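Structure assessment
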4 protein chains.
Amino acid sequence: MKIITVKNYDELSKVAAQMLIGEMFQRHERVNLAITAGTTPIGMYEKLVAEVKNKDYFSNVHYYNFDEIPYKSGIREGVTIGDLRELYFDPAGISEDQIHILDGENYEKQDERIEAAGGLDAILLGIGSDGHYCGNLPGTTKFTDFTTKVICDEAMKERIAPHFEDRAETPDFYVTMGPRSVMAARHLILFASGTKKAKIMKAFIEGAITDEIPASILKMHPHLTIILDEEAASLLDKEK
Amino acid sequence: MKIITVKNYDELSKVAAQMLIGEMFQRHERVNLAITAGTTPIGMYEKLVAEVKNKDYFSNVHYYNFDEIPYKSGIREGVTIGDLRELYFDPAGISEDQIHILDGENYEKQDERIEAAGGLDAILLGIGSDGHYCGNLPGTTKFTDFTTKVICDEAMKERIAPHFEDRAETPDFYVTMGPRSVMAARHLILFASGTKKAKIMKAFIEGAITDEIPASILKMHPHLTIILDEEAASLLDKEK
Amino acid sequence: MKIITVKNYDELSKVAAQMLIGEMFQRHERVNLAITAGTTPIGMYEKLVAEVKNKDYFSNVHYYNFDEIPYKSGIREGVTIGDLRELYFDPAGISEDQIHILDGENYEKQDERIEAAGGLDAILLGIGSDGHYCGNLPGTTKFTDFTTKVICDEAMKERIAPHFEDRAETPDFYVTMGPRSVMAARHLILFASGTKKAKIMKAFIEGAITDEIPASILKMHPHLTIILDEEAASLLDKEK
Amino acid sequence: MKIITVKNYDELSKVAAQMLIGEMFQRHERVNLAITAGTTPIGMYEKLVAEVKNKDYFSNVHYYNFDEIPYKSGIREGVTIGDLRELYFDPAGISEDQIHILDGENYEKQDERIEAAGGLDAILLGIGSDGHYCGNLPGTTKFTDFTTKVICDEAMKERIAPHFEDRAETPDFYVTMGPRSVMAARHLILFASGTKKAKIMKAFIEGAITDEIPASILKMHPHLTIILDEEAASLLDKEK
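Conventions adopted
Residues numbered from 1 in each chain as written. Chains lettered and ligands numbered in written order. Predicted model: local features only at pLDDT ≥ 70, side-chain atom pairs only at ≥ 80, totals over all residues. Heavy atoms only, no water. Helix = DSSP H or I, 4+ residues; strand = E, 2+ residues; numbered from the N terminus. Rg over C-alpha atoms; globule rule 2.2 N^0.38 Å. Buried < 20%, exposed > 50% of the residue type's maximum accessible area, 1.4 Å probe, protein only. Contact = heavy atoms within 4.5 Å. Areas by Shrake-Rupley, 256 points an atom, 1.4 Å probe, with all protein chains shown as cover. Lys, Arg positive; Asp, Glu negative; His and termini not counted. Charge placed at Lys NZ, Arg CZ, Asp CG, Glu CD. Pairing = 2+ DSSP bridges. Least-squares fit on C-alpha atoms with pLDDT ≥ 70 in both. Buried area = accessible area lost by both parts, 1.4 Å probe. Salt bridge = Lys/Arg side-chain N within 4 Å of Asp/Glu carboxyl O. Polar contact = N/O pair within 3.5 Å; in protein donor to acceptor, adjacent residues only side chain to side chain. UniProt positions renumbered as here; feature names shortened; annotations may be inferred. Expected span 1.5 Å × (residues − 1). Nonpolar A, V, L, I, M, F, W, Y, C, P; charged D, E, K, R; others polar. Core = buried A, V, L, I, M, F, W, Y, C linked by side-chain atoms within 4.5 Å. Axes fitted to C-alpha atoms, helices over the stretch in contact; angles between N-to-C directions. Parallel < 35°, antiparallel > 145°, perpendicular 65-115°, else oblique. Left-handed = near helix turned anticlockwise from the far one by under 90°. Phe/Tyr/Trp six-rings, centres within 6.5 Å; stacked < 30°, edge-to-face > 60°. Lys NZ or Arg CZ within 6 Å of the ring centre and 35° of its normal. Bend = angle between axes of the 7 residues up to and from the residue. Disulfide = S-S within 2.5 Å.

Points about the overall build of chain A
Of the regular secondary structure elements, chain A holds seven helices and ten strands. Scaling as 2.2 N^0.38, a compact globule of 240 residues should have a C-alpha radius of gyration of about 18 Å, and chain A matches this with 17 Å. Oriented by its inertia axes, the alpha-carbon framework of chain A measures out at about 50 × 45 × 35 Å. Scored against the burial criterion, the 240 residues of chain A give a buried share of 61%. In chain A, of all internal contacts separated by at least 6 residues, the share reaching a separation of at least 24 is 78%. Of the roughly 9800 Å² of accessible surface on chain A, 49% is carried by carbon and sulfur atoms. In chain A, the 27 positive side-chain charges and the 39 negative ones have mean positions that sit 4 Å from each other.

Some words on the sheet that holds strand 4 (residues 67–68) of chain D
Two pairing modes exist for strands in a sheet, parallel and antiparallel, and in both the strands are linked by backbone hydrogen bonds. Taken together, the three strands give an open sheet; going across it, the order is 4-8-7 (chain D), and neighbouring strands pair in antiparallel fashion. The open sheet is flanked by strand 4 and strand 7 (148–151) of chain D, the only strands paired with a single partner.

Digging into the relation of the copies chain A and chain B
With an RMSD of 0.0 Å, the operation that places chain A on chain B is a rotation of 180° combined with a shift of 0.0 Å along the axis. The transformation relating the two chain copies, once decomposed into turn and shift, fits a two-fold axis. Minimal C-alpha separation from the rotation axis in chain A is found for histidine 221 of chain A, amounting to 3.2 Å. Same-surface contact between copies: 100% of interface residues of chain A are shared with the interface of chain B.

Comments concerning the interface of chain A and chain D
With 23 residues of chain A at the contact, the number on the chain D side is 23 residues. Per-residue buried area on chain A facing chain D is highest for Phe25, His28 and Tyr57 of chain A; these three make up 35% of the total on that side. On inspection of chain A and its partner chain D, the count reaches two salt bridges. Measuring nitrogen to oxygen at the nearest pair gives 2.9 Å for the salt bridge that ties lysine 14 of chain A to glutamate 51 of chain D. Remark: the boundary between chain A and chain D carries eight residue pairs in polar contact (both at pLDDT 80 or more). Sorting the residues of the side of chain A that touches chain D by element identifies strand 1 (2–6), helix 1 (9–25) and strand 10 (224–229) of chain A as the ones contributing at least two each. A total of eight residues in the side of chain A that touches chain D trace back to one element, the largest contributor, which is helix 1 of chain A.

Considering the UniProt feature "domain: Glucosamine/galactosamine-6-phosphate isomerase" (unreviewed entry) in chain A
In the numbering used here, UniProt assigns the feature "domain: Glucosamine/galactosamine-6-phosphate isomerase" (unreviewed entry) to residues 20–219 of chain A. The span residues 20–219 of chain A shows a helical share of 30% and a strand share of 16%, and its end C-alpha atoms are spaced 20 Å apart.

A look at the environment of threonine 147 of chain D
Residue and element names in this part refer to chain D. Within the element layout of this structure, threonine 147 appears in the loop between strand 6 (122–125) and strand 7. Residues threonine 147 and methionine 177 lie 30 residues apart in sequence; the distance between their C-alpha atoms is 3.9 Å. Sequence-distant contacts of threonine 147, defined by excluding residues within four places in its chain, comprise Leu102, Tyr107, Gln110, Asp111, Thr176, Met177, Gly178 and Ser181. Separated by 2.9 Å, the side chains of threonine 147 and aspartate 111 make a polar contact.

A few points about helix 3 (residues 79–92) of chain D
Residue and element names in this part refer to chain D. Look at helix 3: 19 Å from first C-alpha to last across 14 residues, which is about the 20 Å you get at 1.5 Å a residue. Buried residues in helix 3 make contact with helix 1 (9–25), strand 2 (31–35), helix 2 (42–52), strand 3 (61–65), strand 4 and strand 5 (99–100). Phi turns positive, to about 65°, at glycine 93, one or two residues after helix 3.

What to know about the interface of chain A and chain B
In this complex, chain A contributes 16 residues to the contact, which on the side of chain B involves 16 residues. Here chain A packs against chain B, burying approximately 1200 Å² in sum over the two surfaces, 71% of which is carbon and sulfur. Contact with chain B buries area across many residues of chain A, yet Arg180, Met220 and Pro222 of chain A alone supply 47% of it, more than any other trio. In this assembly, chain A and chain B are joined by zero salt bridges. Within the side of chain A that touches chain B, the residues separate by chemical class into eleven nonpolar, three polar and two charged.

Observations concerning the pattern of salt bridges
One pass over the structure, following the stated rule, counts 52 salt bridges over all chains. Bridged by salt links that share partners, the residues Lys72, Glu154, Lys157 and Asp172 of chain A form one connected network.

Points about the nonpolar core
Within the largest apolar cluster, 73 residues are counted, with the highest numbers of intra-cluster contacts made by Met24, Leu48, Tyr63 and Tyr88 of chain A together with Met24, Leu48 and Tyr88 of chain D. Not counting chain neighbours up to four residues away, the residues in contact with methionine 24 of chain D comprise Val31, Leu33, Leu48, Val52, Phe58, Asn60, Val61, Tyr63 and Tyr88 of chain D. One finds Leu12, Met19 and Met24 of chain B together with Ala92 of chain C within the second-largest nonpolar core, a separate group that totals 72 residues.

A look at the side chain of histidine 187 of chain A
Inspection of the secondary structure assignment puts histidine 187 of chain A in the loop between helix 6 (179–183) and strand 9 (188–192). Beyond its immediate sequence surroundings of up to four residues, histidine 187 of chain A is in contact with Met19, Glu23, Asp121, Ala122, Ile123, His221, His223 and Thr225 of chain A together with Phe25 of chain D.

Description of the packing of helix 1 (residues 9–25) of chain B against helix 2 (residues 42–52) of chain B
All names here are of chain B. Close contact between helix 1 and helix 2 brings their axes to 8 Å; oriented N to C, the two are set at 45°. As the angle between them shows, helix 1 and helix 2 are arranged oblique. When the axes of helix 1 and helix 2 are compared, the crossing they make is right-handed. Contact residues: Tyr9, Asp10, Ser13, Lys14, Ala16, Ala17, Leu20, Ile21 and Met24 in helix 1; Ile42, Gly43, Met44, Lys47, Leu48, Glu51 and Val52 in helix 2. Split into classes, the residues belonging to the contact of helix 1 with helix 2 amount to ten nonpolar, two polar and four charged.

What about the packing of aromatic side chains?
Given two aromatic rings, their pairing is described by the distance between the two centres and the angle made by the two planes. Taken as a whole and judged by the stated rule, the model has 32 aromatic pairs over all chains. Aromatic pair tyrosine 71 of chain A and phenylalanine 164 of chain A: ring centres 4.8 Å apart, planes at 80°, arrangement edge-to-face. One end of the pair, tyrosine 71 of chain A, is in the loop between strand 4 (67–68) and helix 3 (79–92); the other, phenylalanine 164 of chain A, is in the loop between helix 5 (154–160) and strand 8 (173–176), with 93 residues separating them in the sequence. Taking relative accessible area as the criterion, tyrosine 71 of chain A reaches 15% and is therefore assigned buried. Classification of phenylalanine 164 of chain A as buried rests on a relative accessible area of 3%. Ring plane angle 50° and centroid distance 4.9 Å describe the contact between phenylalanine 25 of chain D and phenylalanine 58 of chain D, whose orientation is recorded as tilted. Taken as a pair, phenylalanine 25 of chain D in helix 1 and phenylalanine 58 of chain D in the loop between helix 2 and strand 3 lie far apart in primary sequence, 33 residues in all. Judged by its relative accessible area of 3%, phenylalanine 58 of chain D is buried. Each member of the aromatic cluster is reached from another via a ring pair, and the members are Tyr45, Tyr63, Tyr88 and Phe89 of chain A. Above the face of the phenylalanine 173 of chain A ring, lysine 149 of chain A is positioned so that its terminal group lies 4.3 Å from the ring centre.

Side note on unusual backbone geometry
Residues and elements named next belong to chain C. A positive phi angle, close to 45°, is found at cysteine 134, a residue other than glycine. The residue cysteine 134 is located in the loop between strand 6 (122–125) and strand 7 (148–151) in this model. Note on cysteine 134: relative accessible area 9%, which makes it buried.

Some words on helix 3 of chain A
Residues and elements named next belong to chain A. Of all the bends in helix 3, the largest measures some 55° and sits at arginine 85. Residues Val79, Thr80, Ile81, Leu84, Arg85, Tyr88, Phe89 and Ala92 constitute the buried set of helix 3. Looking at the buried residues of helix 3, the elements they touch are helix 1, strand 2 (31–35), helix 2 (42–52), strand 3 (61–65), strand 4 and strand 5 (99–100).

Describing the sheet that holds strand 6 (residues 122–125) of chain B
Residue and element names in this part refer to chain B. Here we have seven strands laid out as an open sheet, ordered 1-10-9-6-2-3-5, and parallel in their pairing. The outermost strands of the open sheet, each flanked by one partner alone, are strand 1 (2–6) and strand 5 (99–100). Across two bridges, strand 2 (residues 31–35) lies against strand 6 in parallel orientation. By the bridge assignment for strand 6, alanine 34 is matched with isoleucine 123.

A few points about the relation of the copies chain A and chain D
The two copies are related by a screw motion: chain A maps onto chain D through a turn of 180° and a shift of 0.0 Å along the axis, at an RMSD of 0.0 Å. Same-surface contact between copies: 100% of interface residues of chain A are shared with the interface of chain D.

Quick word on the state of the cysteines
Inspection of every chain in the model, using the stated rule, returns zero disulfides over all chains. The thiol of cysteine 134 of chain A is not disulfide-bonded; the next cysteine sulfur, from cysteine 152 of chain A, is found 16 Å away.

As for the environment of asparagine 32 of chain D
Residues and elements named next belong to chain D. Mapped onto the fold, asparagine 32 is located in strand 2. Given the relative accessible area of 1%, asparagine 32 is considered buried. Asparagine 32 sits 82 residues away from isoleucine 114 along the chain, and the two C-alpha atoms are 8.3 Å apart. For asparagine 32, the contacting residues outside a window of four places in its chain are His62, Tyr64, Ala117, Gly118, Gly119, Leu120, Asp121 and Ala122. At 3.0 Å, the side chain of asparagine 32 forms a polar contact with the backbone oxygen of glycine 119.

And the structure:
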């Protein structure tokens, strides 16, 4: 585990982008990345788009989404892939054959097809203030789970409903790579920004491995890099 | 996680030896291995000695012990390193500068010096029928621990006393690489033989991550290979 | 470059087998090996068959031949793949989907398909007393060549004719991975046995990079391991 | 070999900086880089300084110079390390213990100490219009050379004299990592900018392996990345 503390959100975005570009350049053969949607990566994708757009030397890079909330009616692609297209794939002009969609239909094959493609070189993860990552929320998956379907109870439906303009589209389930799918990647990159993440980062970095903080298990990975801005790092013990 | 099931103890010993030799050959620069003492590896070391003895092309291989039970008086080296010398280092003629001893004095530097040496390429682990590995016994270490000192209560002293001819040498503590030290290795190899290990292997492979089975955390490693003979594998669910 | 000198042909065969098995175990995902036919590997394949046969834990290993002399009429598979089947694939029970045949039809795609499969982890090479390896004989390929077709002049036809019971089957060309295809592998393993190889090994190891000794270029690879028995090493300068 | 063609010098500098930063981030343990002085990297170092200065998360990165022209009197450090300090080490605030100086005294140990440190992860190379790289000029080193001392004839002295304000300081020799030292790195990065490099890049990329173009041997490396701006790439055959 290596903790990189930077000044602010802009630096965080820059360092995360540098790290992903480093992964892209690490070899000439196929490189597999699983990347996150959400708000934390917005600044990073802006920087990444500028570096990746129209660069055919990155055609060896393949992308995976690691969770998905489908539309109930199936009228369109799910929430996560939609966000990734808007944030990154579309503005960066990523070719469709470099995008490997996880959805409600194919999730049972996710781990298998990633392994067949050589495994994930890196996975970029955000973290929620409740300690969730991907769709691994407290009370949903077990540490031993691979990619799985999570049935939504009413509380969960309430939680994900804001993703849908038409709330009738809120689905009864979502899918997510599980803890073991994530831990199988060769490099975990987790980033967090802002005071709203300070408390969970302290619990995550200094606390125990516990189901109550799903991300806590990630500390056991042999190659985990954490990027924090000063605010997110503000509650950490000073002596390393 | 990859499970390799072999017929019997002899095959188990052979495959474990092949795997370690493979690690030794994987590059010309320094290779770092942490290896286990105990009864499971006896057959493997016999085979390994035959392949390693007087082979100067393995002079790039460095060895670490991952736990140690010291003699209370300090009159001689600890139990683990003593066993490793008898089982392997002495008969194989391993040079002293390839042996990196963990003991009660230097344990706080173990993780640091391993990282400075480039990290462990592989660690070979046995497993106890109580789910322990290295000195990580139920109730001793937490998943978040690095190399640490374990203070022995009376029950633990009873347990380790048989290692000492003169029971007055039973120490008040032992040292062990902790779960995070072990998980930091690039390749975990865990092997188990015999019906006496069948129950724990079922719990380990099919059960939850739990402090009650310290080894259970190892399932989360991105590169864990498990070698079992048919007896140790006899209780596993047949469908993969 | 690392030179491993062993006592005799039997040890050479054993060490080469250990090295290949090490490659097979190095990761759980697909492993790609290009292996040699000929006389040098006969002893190695005997040992390898015993370790690989009926071992489904090696189902992640894929095999490539690196050159081929086709039958002129095309009535059967080429000489190299025929030899590999006889020496190794058949007795070891290697599944057909793990065998990736190079032949006179598909050679132009060889480099591309290997790269798409993740590249070669290792290539095992013999060396001729004229310094050739694969089908890179003096006067046939240039150092800059990738996989290519070599048109046979009369002298070359004479040379390869003994491979064919019916000499009318001697082809007008053969195909081979070129120097750059070979150098693209992550690990080159070259072995040689017997006094008949002593002179070329001295020229190869101590001499210049020259077209006259096609194998000489292999010394420039960042990860070349050479295995020699005492006879093949007998002319080398003693002071390393 | 992968060729990355970018628009202009500024993009070339940016991509080279991204690639080096990628190497720095590739693992938490020690990373070893050999880097070039000269004019091509000036723009890159400007960018790199901004990203590396005061970033203690790059304290795992170690730097090597790959050639050196010493001052005859020895009154100060050599030309190359002096340039690297001015261009990069000083403005980036690189700590002295991360800088590993090659000079006229220690060159015979260069290959050994690099191997003992784990080998070079990457080496960044410029190329001269005569095809030289590092101190490997036509007529000086052989492909088989490791780090070596090159005795300067009068023509060479003329050539290197402009490096010295006081021409009496022009030395009788210089030292350089040889072709085999360079080829031992895990990743070769070669960059070239401007029309003055177009002719040599065509000869290098499309031509033969020849002593007359020392850099030509680098094409044989399994992991060579070439970065060119449009001018340097202007004479290349269009069809890949």
